[in-house]
Amino acid sequence: MTCTADTQPVLSTAVVISSAANFSFKMSAPDRNTNVTERASTSAEKSDEIVDKRGKTNSVVWKWFGYLRSDKLQVSTCCKMCRRVVPTSSGNTSNLFHHLKQFHPIEHSESQKMRHHKSLSQQPVPQTTPPSSSPTPVVSKEKPMQQTQMAAFMPYDKQSKRHKDITKAVTNFLAKDMMPFSTVENVGFRKMISIIDPRYELPGRKYFSRAAIPAFYGEVRERVEEQLKSVSYFATTADLWSSRTSEPYLSLTVHFIDQDWKLVSLCLQTVYFPDDHTGEAIAAGLADALASWGLREDRQVCITTDSGTNIIKAAELNGWTRLQCFGHRLNSAIEKVNQDKRVDRAIGVCKKVVAAFSYSWKKKRDLAAAQEEYHLPKHKLISETPTRWGSRQQMVKRVLEQKRAITEVLSKDKKTRPLVPNWQDVDVLESIDAALSPLLEFTDALSGESYVSVSFLKPVMHLFNTSILKEAEDDTELTRTIKTTVMGYLNQKYDDPAMDNLLDMACLVDPRFKLQYTQEEKREYIKERAVLEMLKGERSVVVREEESREEAMRDTFVPPPKKKRSLASFFSNRPTTTTNTENLSAQQAVERELGNYLLSPHADNDSNPLDWWKVYQNNFPRDARHMRCSQRAQVVLAPYEEASCYCKKAPGLEAALAIYIRHH
């Protein structure tokens, strides 16, 4: 085919157009897909867009809130800044303001300013000369509502009752639960307070440490000092101990019986005691403590302490009657048992076994599997606490209980295989358990009592000798040795004649025991001594109280008006047969009252002797006064060192005392 010159440009143009058309056709399909994707994403963005609320909005908070475009009914309110959904009910905007305050404080501050300016702009301008023809102005109902809404979000005034009550409650929480002052700056604690009451602004730690706790301490001290003014006789317990940070403290607790026959125990102080713990320093510290509370030393019946030589010397230097803590003495008796080489070796094996499981999570896992295989209780092993003999006994009992599972786990590892207790160790542990398990149950019951008076000591020793630590026919040789060692130590320590007389006198005025645990040949002597002490108290205390009452009655007595007698009154005075005690001497009256008391039925062993005396104090007034004096002493120390933090379990006085002294 031939082409002319005129036709060549035309063909070239046609080829170019055709190529361009083909290229356009090839590229049109991807372009169409891209446009579809862009249009879909644009529509999705529009549906996720937050739009303003439809209709009229009276609150300024809607500047920061709206609804998703896809939410046609505008049900779920969203924050424009963080896009969180904030629940609202029936147009209430309280949650919206709270959301701004919690998550967007700058915007919240701006919203408060806008609300304030809006409320000012809506206030009507007062007119000085209102026209007479004008109608009565209509009071706006929106203004009180807006002011109420503003007040609901404004912080409390620091002098308001609500702010003071919450601050006092937080102060009491810090003191009672021994919480550090930094608690009030913890994020979780501050959030909890803001949820409970958003209007309350929690003060910082410096306010509580420098103002709130010292003020609380002052209130408590005044209340306690007022309570101590009515105390005639009291007993104390004192102890030196160390905190978890190895800081030394000296604690003093006072015990007395109030007018309602209730035992009151108050921890007067827990003071930092960095001086050398010599007898002289402790004696001066205890004497200063009593003087600072206005307590006279001659009114102290006795002081209960542990067996430390320094605190024993302190009591001797002050001339105070001292009573040994029964718990410490029992602990010392059981420590004597550990001097036996067989016991010492078996206890050492127990400690190593427990340590092997304490520091290995794999062995703990294997122990749980072995317990399930052998159908053993799923109990953890117990570690020993050096100052608590009961924890050692619990450790032994738990190792014996889990013996099969322990052997199974330790035998699998060649490193721990030598720790498996052999049969000799098991026999020794079983002998220890047979001797001391009943004692552990008894001491658990003893420590569970809120008040263990000195009158309990004689019955407890009798129970040990005749039942708990009495040798049985099926006891092993080691079990008998342990019982004999413990009982011999206790009998030796309580064999002092002066101590024995004190315990007999305490039992005498306890209506549950009286002379039941006193030796037959000593009963008359104890009665005579009781009569002398009651006469002494009669002369020194009772006479002064009666004279003061008589003087008060003479000053305020007004004779009643004389009335005319009726005929029936002449027949009402019939002769009666009463015992005349007016002609008896004071000693004879005391002896008769004591005899009547001893002949009265014993109180039940589970009863509280103080409740008994509250009922029968009018029948035996002299005995009741003697009871108030002799039954204040405790035989078990207040458990100071049982709490690793300062004074955590000490009874009585609010812990604000301990906290304030600790930090000052």
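Above this text sits the structure in question.
Asks: Hey, could you run me through the nonpolar core in this one?
Replies: Membership of the largest hydrophobic core comes to 55 residues, with the highest contact counts inside it found for Leu330, Leu439, Phe464, Val486 and Leu490. Setting aside residues no more than four positions away along its own chain, phenylalanine 464 makes contact with Phe326, Leu330, Leu439, Phe442, Leu469, Lys470, Met487 and Leu490.

Asks: Help me understand the pairing of strand β8 (residues 300-305), please; the structure alone is not making it clear to me.
Replies: Remember that side chains alternate between the two faces of the sheet whenever the strand is regular. Burial runs high along β8: 5 of the 6 residues are buried. Sheet topology places strand β5 (residues 234-242) next to β8; 3 bridges connect them, and they run parallel. Within the sheet, the bridge partner assigned to threonine 236 lies in β8 and is isoleucine 303. One ladder, built from 3 bridges, connects β8 with strand β9 (residues 322-324); its direction is parallel. Within the sheet, the bridge partner assigned to threonine 304 lies in β9 and is leucine 323. For the handedness criterion, the β-α-β arrangement of β8, helix α9 (residues 309-318) and β9 is classed as right-handed.

Asks: I keep staring at the packing of helix α10 (residues 326-337) against helix α17 (residues 477-493) and nothing clicks. Help me out?
Replies: Helix packing for two helices is described by the angle between their axes and how far apart those axes are. Here α10 crosses α17 at 140 degrees, and the two axes come no closer than 9 Å. If you check the angle between α10 and α17, you find them oblique. For the pair α10 and α17, the sense of crossing is right-handed. Packed against α10, whose contacting residues are Arg329, Leu330, Ser332, Ala333, Ile334, Lys336 and Val337, the element α17 presents Ile482, Thr485, Val486, Tyr489, Leu490 and Lys493 at the interface. The residue inventory of the contact of α10 with α17, partitioned by class, reads 8 nonpolar, 2 polar and 3 charged.

Asks: Even after reading the chapter, I still don't get the sheet that holds strand β1 (residues 50-51), so can you show me in this structure?
Replies: Think of a sheet as strands paired side by side through backbone hydrogen bonds, with each pair either parallel or antiparallel. The 4 strands are arranged β1-β2-β3-β4 in an open sheet whose pairing can be described as antiparallel. Whereas interior strands pair on both sides, the edge strands pair on one side only; in this sheet they are β1 and β4 (85-86). Of the strand pairs in this sheet, strand β3 (residues 77-79) and β4 are connected by 2 bridges, and their pairing is antiparallel. Looking at β4, one finds that threonine 77 is bridged to valine 86.

Asks: What is the right way to look at helix α14 (residues 403-411) in this model?
Replies: Since the α-helix packs 3.6 residues into each turn, any two residues three or four apart lie on the same face. Of the positions making up α14, those classed as buried are Ala405, Ile406, Val409 and Leu410. When α14 is viewed along its axis, its buried side chains cluster within an angular range of 120 degrees and face the same direction. Summarising the contacts, the buried residues of α14 are in contact with α11 (341-358), α12 (361-373) and α13 (389-401).

Asks: Sorry if this is basic, but what is going on with the environment of serine 59 here?
Replies: Residue position: serine 59 is located in the loop between β1 and β2 (65-68). In this structure the C-alpha to C-alpha distance between serine 59 and arginine 115, which are 56 residues apart in sequence, comes to 7.9 Å. With sequence-adjacent residues up to four places away left out, serine 59 is seen in contact with Thr93, Phe97 and Lys118. A polar contact of 3.3 Å, which involves the side chain of serine 59, links it to the backbone nitrogen of valine 61.

Asks: For this particular structure, what's the right way to read the sheet that holds strand β6 (residues 248-257)?
Replies: Reading across from one edge, β7-β6-β5-β8-β9 is the order of the 5 strands in this open sheet, with mixed pairing throughout. Only two strands of the sheet have a single partner each, and these edge strands are β7 (263-272) and β9. Here the strands of the sheet are splayed against their neighbours by 25 degrees on average, with no regard to which way each runs. Helix-sheet contacts for helix α7 (residues 205-228) involve β6 and β7, and the interaxial angle to β7 is about 130 degrees.

Asks: What should I look at first to understand the side chain of histidine 163 in this one?
Replies: If you trace the backbone, histidine 163 turns up in helix α5 (residues 161-176). The buried category is assigned to histidine 163, whose relative accessible area is 7%. Apart from the residues within four sequence positions on either side, histidine 163 is in contact with Tyr156, Asp157, Lys158, Tyr200 and Glu201.

Asks: Hey, could you run me through the pairing of β7 in this one?
Replies: For β7, the tally of buried residues reaches 8 of 10 residues, placing the bulk of the element in the interior. Two elements, β6 and β7, share 9 bridges in a ladder whose sense is antiparallel. Bridge assignment links phenylalanine 256 to a residue of β7, and that residue is valine 264. Hairpin connection from β6 to β7: 5 residues lie between these consecutive antiparallel strands, with tryptophan 261 at a positive phi of about 60 degrees.

Asks: What should I look at first to understand the packing of helix α16 (residues 457-468) against helix α18 (residues 497-508) in this one?
Replies: Across the interface, α16 lies against α18 with an axial gap of 8 Å and an inter-helix angle of 105 degrees. Considering their axes alone, α16 and α18 lie roughly perpendicular with respect to each other. When α16 is examined against α18, the residues Leu457, Lys458 and Pro459 are found in contact with a partner set consisting of Asp500, Leu503, Asp504 and Cys507. Residues belonging to the contact of α16 with α18 are distributed by class as follows: 4 nonpolar, no polar and 3 charged.

Procedures and definitions
Each chain has its residues counted from 1, running along the sequence as written. At least 70 in pLDDT is required for a residue's local features to be given in this predicted model, at least 80 for side-chain atom pairs to be given and counted, and no such filter applies to totals for whole chains, interfaces and linings, which use all residues. Values reported for side chains reflect all heavy atoms of the structure, with hydrogen atoms and water molecules removed beforehand. Among buried residues, the Ala, Val, Leu, Ile, Met, Phe, Trp, Tyr and Cys ones that are joined through side-chain atoms within 4.5 Å form a nonpolar core. Only protein chains enter the calculation, and the probe is 1.4 Å; a residue is then buried if its accessible area is under 20% of its type maximum, exposed if over 50%, and partly exposed in between. Only heavy atoms matter for contacts: two residues are in contact if any of them lie within 4.5 Å across the pair. Helix and strand definitions follow DSSP, with helices as H or I runs of at least four residues and strands as E runs of at least two, each counted in order from the N terminus. For two strands to be treated as a pair, DSSP must find at least two bridges joining them. Assignment of crossover handedness uses the view with strands pointing away from the viewer, where a clockwise path from the first strand over the helix to the second indicates a right-handed crossover. For helices, the fitted line uses only the C-alpha atoms of the stretch in contact; every axis is such a line through C-alpha atoms, and the angle between N-to-C directions lies from 0 to 180 degrees. Reported orientations rely on four angle classes, namely roughly parallel under 35 degrees, roughly antiparallel over 145, roughly perpendicular from 65 to 115, and oblique for the rest. Each crossing gets its handedness from the near helix: less than a right angle anticlockwise from the far helix is left-handed, clockwise is right-handed. Any residue that is not Ala, Val, Leu, Ile, Met, Phe, Trp, Tyr, Cys, Pro, Asp, Glu, Lys or Arg is counted as polar, Gly included; the first ten are nonpolar and the last four charged. Along the arc lie the directions from the helix axis toward the C-beta atoms. Two N or O atoms count as a polar contact when they lie within 3.5 Å, although within protein this holds only if one can serve as hydrogen donor and the other as acceptor, and sequence-adjacent residues are included solely when both atoms are side-chain atoms.

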